[in-house]
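# Chains, contacts and geometry: an overview
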Amino acid sequence: MKRCYFIISLIAFLSLSFFSCSNDDDDDKDSLVGVWVAENMLPMYEYGVTTSEVVGHVKVYFQFKEDGSLIEKDVITYIESGKTYTETSTYGRWSATEGHLKMIVSFAEPYENPKENADEFDYTYQFANGKLVLSYKDEETGQLITVPFVRGEMPKD
C-alpha cells in the first residue's frame, strides 16, 4: 500500500511540475529581442562597383533592443590584405509586425547627423529551427536572398 501511495504521489508531483512550467522559453525563442549573428559570412563587393568581384567577407551582428533601438556591427575581413575591422552603427531603429521587419540603420559619422543619413531596409522574417531567417529581394538581380541568423553575442570592438 505504501508503494501505491508513493507512485500516486510521484505521478501527481510530476504532473504538477509539468503543467506549472512556464512557456517563457518558447516566447524567447521566437523573439527578435537580443543579439543575432549571421550564420555565415556574407560576400562584400567593391563599393560602387556592380561586378561580381568579392573583395571581402562580412559577419553581421544585430542587437534588437526592447525599446526599438538597434545596433548593427559588421566584422569585415578583406581578402587581399587579410585585415579585419569592426564597423558599428551610429544610429539604428527597428519595428516588426506579422513577419515583416523594418530596420533603419546608419554608419554615418556623428558630425554627419546619422539619423538623417540612415538607410531603411525591409525584410520578411520567420523563425525556423531556433534561427531567425531574414529574406529580401536583391535590387540589382531581383533574386530572393535568405540569410539565417543564430543567437549570439556582440563582438568586442
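Before any of the text, the structure's been laid out above.
Below, the structure is looked at part by part. (Residues numbered from 1 in each chain as written. Predicted model: local features only at pLDDT ≥ 70, side-chain atom pairs only at ≥ 80, totals over all residues. Heavy atoms only, no water.)

## Some thoughts on the overall build of the protein
- Looking only at helices and strands, the protein has 2 helices and 10 strands in total.
- Start at the N end of the protein and walk to the C end: the helices and strands fall as α-α-β-β-β-β-β-β-β-β-β-β.
- A buried classification covers 26% of the 157 residues belonging to the protein.
- Looking at the protein alone, contacts between residues at least 24 apart form 38% of all its contacts between residues at least 6 apart.
- Carbon and sulfur atoms make up 53% of the accessible area of the protein, which amounts to about 11,200 Å² in all. (Helix = DSSP H or I, 4+ residues; strand = E, 2+ residues; numbered from the N terminus. Buried < 20%, exposed > 50% of the residue type's maximum accessible area, 1.4 Å probe, protein only. Contact = heavy atoms within 4.5 Å. Areas by Shrake-Rupley, 256 points an atom, 1.4 Å probe, with all protein chains shown as cover.)

## What about the nonpolar core?
- In this structure, Phe62, Phe64, Leu101, Met103, Leu132, Leu134 and Phe149 are the most contacted members of the largest nonpolar core, which totals 20 residues.
- For this core, the secondary structure elements donating two or more residues are β1 (34-38), β3 (54-64), β4 (70-78), β7 (100-106), β8 (119-128), β9 (131-137) and β10 (144-151).
- In terms of residue count, the dominant contributor to this core is β3 (4 residues).
- Counting residues in hydrophobic clusters, the runner-up holds 5 residues, among them Val35, Val37, Tyr61 and Val75. (Core = buried A, V, L, I, M, F, W, Y, C linked by side-chain atoms within 4.5 Å.)

## Quick look at the environment of Asp119
- By secondary structure assignment, the location of Asp119 is in strand β8.
- A relative accessible area of 45% places Asp119 in the partly exposed class.
- Between the C-alpha atoms of Asp119 and Val105, which are 14 residues apart in sequence, the distance is 5.4 Å.
- Other than its neighbours up to four places away in sequence, Asp119 contacts Met103, Ile104 and Val105.

## Considerations on the pattern of salt bridges
- Inspection of the entire model under this criterion finds 2 salt bridges.
- For the salt bridge of Glu39 with Lys131, the shortest nitrogen-to-oxygen distance reads 2.7 Å. In this pair, Glu39 sits in the loop between β1 and β2 (42-45) while Lys131 sits in strand β9, placing the two residues 92 residues apart along the sequence.
- Across the pair Lys102 and Glu120 runs a salt bridge, and its minimum N-O distance is 3.3 Å. (Salt bridge = Lys/Arg side-chain N within 4 Å of Asp/Glu carboxyl O.)

## Observations regarding the pairing of strand β5 (residues 84-88)
- Here β4 pairs with β5 via 5 bridges, running antiparallel. Bridging from a neighbouring strand, Thr77 pairs with Thr84 of β5.
- Counting the residues between successive antiparallel strands, the hairpin from β4 to β5 contains 5 residues, one of them, Gly82, with a positive phi of roughly 75 degrees. (Pairing = 2+ DSSP bridges.)

## Here's the deal with the environment of His100
- Positionally, His100 belongs in strand β7.
- Given the relative accessible area of 34%, His100 is considered partly exposed.
- Between the alpha carbons of His100 and Tyr125 there is a distance of 6.0 Å; along the sequence they are 25 residues apart.
- Excluding its chain neighbours within four sequence positions, the residues that come into contact with His100 are Ser95, Asp122, Tyr123 and Tyr125.
- Within the structure, the side chain of His100 is placed 3.5 Å from the side chain of Asp122, a separation counted as a polar contact. (Polar contact = N/O pair within 3.5 Å; in protein donor to acceptor, adjacent residues only side chain to side chain.)

## Side note on the pairing of strand β6 (residues 91-97)
- Of the pairings in the sheet, the one linking β6 to β7 comprises 7 bridges and is antiparallel in character. Opposite Tyr91, over in β7, you have Ser106 as the bridge partner.
- The antiparallel pairing of β6 with β7 creates a hairpin that spans 2 residues between the two strands, and Glu98 there sits at a positive phi of about 40 degrees.

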